[in-house]
Amino acid sequence: MNVLRTLLLLRHAKSDYPDGVADHDRPLAPRGIREAGLAGDWLRANVTTVDAVLCSTSTRTRQTLARTGINAPTRYAERLYGAAPGTVIEEINTVGDEVKTLLVVGHEPTMSGLALVLAGADGTVAERIAAKFPTSAIAVLAVPCGWEDL
């Protein structure tokens, strides 16, 4: 019997576009610094515990995670940068059974695409996700199986 798990998908906060900086290395913009803090406030107010984090290696995802104030064991995965939803699922499949709540910090269009794949592509919520999944957006999904079965 599987325990109900929670998957949190967080799109990184608003990034800056400094001249001469590679996309992977772009930092957060001042607005993004504020957004990430607000995302952290929301997570702490609405999620009892985050047991583990999967995070892209990009500067903006790392800074987003740091600004949320979430302090959980974190694995940085290069393959989450520019990943397809299936690649993120492969990373999630490797998470241990002891993790009940998992936070994934990544990029668009991956985060909204993954939310749509896992939640189903119909209904009001799916329409809202498809229409806009802004920076610092968080999708909260109930997972009725082990991570390896996702």
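Note: the structure precedes this text.
Calculation criteria
Residues numbered from 1 in each chain as written. Predicted model: local features only at pLDDT ≥ 70, side-chain atom pairs only at ≥ 80, totals over all residues. Heavy atoms only, no water. Helix = DSSP H or I, 4+ residues; strand = E, 2+ residues; numbered from the N terminus. Rg over C-alpha atoms; globule rule 2.2 N^0.38 Å. Contact = heavy atoms within 4.5 Å. Lys, Arg positive; Asp, Glu negative; His and termini not counted. Charge placed at Lys NZ, Arg CZ, Asp CG, Glu CD. Pairing = 2+ DSSP bridges. Axes fitted to C-alpha atoms, helices over the stretch in contact; angles between N-to-C directions. Salt bridge = Lys/Arg side-chain N within 4 Å of Asp/Glu carboxyl O.

## Here's the deal with the overall build of the chain
- If you tally the helices and strands in the chain, you get five helices and five strands.
- Along the chain direction, N to C, the helices and strands of the chain fall in the order β-α-β-α-β-α-β-α-α-β.
- The C-alpha atoms of the chain give a radius of gyration of 15 Å, which matches the 15 Å a tight globule of 150 residues would have.
- Projecting the C-alpha coordinates of the chain onto the three principal axes gives extents of approximately 50 × 35 × 30 Å.
- Partitioning the contacts of the chain with sequence separation of at least 6, the portion at a separation of at least 24 is 70%.
- Computed over 15 positive and 17 negative side-chain charges, the separation of the two mean positions in the chain equals 7 Å.

## So, the sheet that holds strand β1 (residues 5-11)
- Taken in spatial order, the five strands of this open sheet run β3-β2-β4-β1-β5, and their pairing is mixed. For this open sheet the edge positions go to β3 (74-77) and β5 (138-143), each flanked by a neighbour on one side alone. On average, each strand axis in the sheet is inclined to that of its neighbour by 15 degrees, with strand direction left out of account.
- The sheet contacts of helix α1 (residues 30-46) involve β1, β4 (101-106) and β5, and relative to β5 the element is tilted by about 30 degrees.
- The strands touched by helix α2 (residues 59-68) within the sheet are β1, β2 (52-56), β3 and β4, with β2 carrying the most contacts at an inclination of about 150 degrees.

## Quick notes on the pattern of salt bridges
- Enumeration over the complete set of coordinates arrives at eight salt bridges.
- In the salt-bridge network here, residues are joined through shared partners; they are Arg75, Arg79, Glu90 and Glu91.

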